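Understanding the architecture of this molecule
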Amino acid sequence: MLKQIPNIITSLNILCGCVAILFATSGDLITASFFVFLGIFFDFFDGLAARLLKAQSEVGLQLDSLADVITSGVAPGIIMYQMLNLSYFGHMQTLTETFSLDGWNVSFKNYLPLIGLLIVIASAYRLAKFNVDTRQTSGFIGLPTPANTLLILSLPLILQFQYSEFAESIILNKWFLIGMTLLSCILLNAEISLFALKFKTWDFKSNAVRYVFLILCVVLLVLLKFLAIPFIILLYILLSFFKHKEH
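Residues numbered from 1 in each chain as written. Predicted model: local features only at pLDDT ≥ 70, side-chain atom pairs only at ≥ 80, totals over all residues. Heavy atoms only, no water.

1. Some details on the domain arrangement of the protein chain
Rules: Those domain boundaries reflect an automatic or database domain assignment. As a working definition, buried area equals the accessible area (1.4 Å probe) given up by two parts on being put together, with both sides summed. One speaks of a salt bridge when a side-chain nitrogen belonging to Lys or Arg is within 4 Å of a carboxyl oxygen belonging to Asp or Glu. The term polar contact refers here to a pair of N or O atoms within 3.5 Å; inside protein, the definition further demands a hydrogen-donor-capable atom paired with an acceptor-capable atom, and it admits residues adjacent in sequence only when both atoms are side-chain atoms. Elements are defined by DSSP. Helices are runs of H or I of four residues or more, strands are runs of E of two residues or more, and each kind is numbered from the N terminus.
Here the protein chain is described as being made up of domain 1 (2-191) and domain 2 (195-246). For the domain 1 and domain 2 pair, buried surface summed over both sides reaches about 1,200 Å², with 77% attributable to carbon and sulfur atoms. Applying the counting criterion to the domain 1 and domain 2 interface returns zero salt bridges. At the junction of domain 1 with domain 2, the criterion picks out three residue pairs in polar contact (both at pLDDT 80 or more). Elements with a contribution of two residues or more to the side of domain 1 that touches domain 2: strand 1 (139-141) and helix 7 (145-161). With seven residues, the top contributor of residues to the side of domain 1 that touches domain 2 is helix 7.

Listed below in structure tokens is the structure:
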């Protein structure tokens, strides 16, 4: 039974992702974001539990990737789809409204928000590559799907909890959202080496970059709240670049 604990935690990730999708399709992006955050929390601890219990398995590896496709692939894709709906039409839509015959006859632009679903495809492809790429045992090649998901989630959270007309003019600009979608798809699958936050030891010397990154994350979150998330992702990429250059 103990050996199944990591898979149970992964299953909770799947459940959170599914609930997030239900809220996102109904237009409640804040509640959807909460469940995605919860799913990412479980995603972090299933691997930790597997290592502590020595319960790593091929089934667990595949289940973890399938969970990430849902929570860090489909959910952020639908959230971006709804953000694009908000940008184009001033309101969110259900899929029934998007695919209505009346909508098709009115304008092709009714379907342009579906561009957001490219995130789903890029995330699934990135996770498939991760499972077969032997270079990603101690780090990542390309932005991890949970990090990309946090970047997408920051957009509705900033609008809700740190609203300003300036923020709205940027975030709800359709070209900004399309650009963000394409950028996230590129970052997910780009050949860039990024460090992992897994600590094999706790000494500062071998984990200096990780400690510096975590400290700066806390400072940024305290100062900027949700607005800090895009800066944290940028900081993550820059620190990884300098760390890789040193080696």
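Moving on, there is more to tell.
2. Notes on a nonpolar patch on the surface
Using the following cut-off: Residues with no salt bridge and a relative accessible area higher than 30% make up the patches, which join like charges within 9 Å and nonpolar side chains (Val, Leu, Ile, Met, Phe, Trp, Tyr) within 5 Å. For every accessible area listed, the method is Shrake-Rupley and the probe measures 1.4 Å; residues are considered covered only by the protein chains on display. Remark: exposure states derive from per-residue accessible area (1.4 Å probe, protein chains only) relative to the maximum for the residue type, with buried under 20%, exposed over 50%, and partly exposed in between.
A contiguous nonpolar surface patch, about 500 Å² in accessible area, is contributed by I215, V218, V219, V222 and L223. Relative to the helices and strands, I215 is located in helix 10 (residues 208-224). The class of I215 is exposed, set by a relative accessible area of 54%.

3. A few points about helix 2 (residues 29-52)
Test applied: What a helix should span is 1.5 Å times the count of its residues minus one. Residues count as neighbours in contact if any of their non-hydrogen atoms are within 4.5 Å of one another.
For helix 2, spanning 24 residues, the distance from its first C-alpha to its last is 35 Å, which sits close to the expected 34 Å at 1.5 Å a residue. When we look at burial in helix 2, the residues that qualify are L29, A32, S33, V36, G39, I40, F42, D43, D46, A49 and A50. The secondary structure elements touched by the buried residues of helix 2 are helix 1 (5-25), helix 3 (58-89) and helix 7. One or two positions beyond helix 2, positive phi appears at K54, with a value near 50 degrees.

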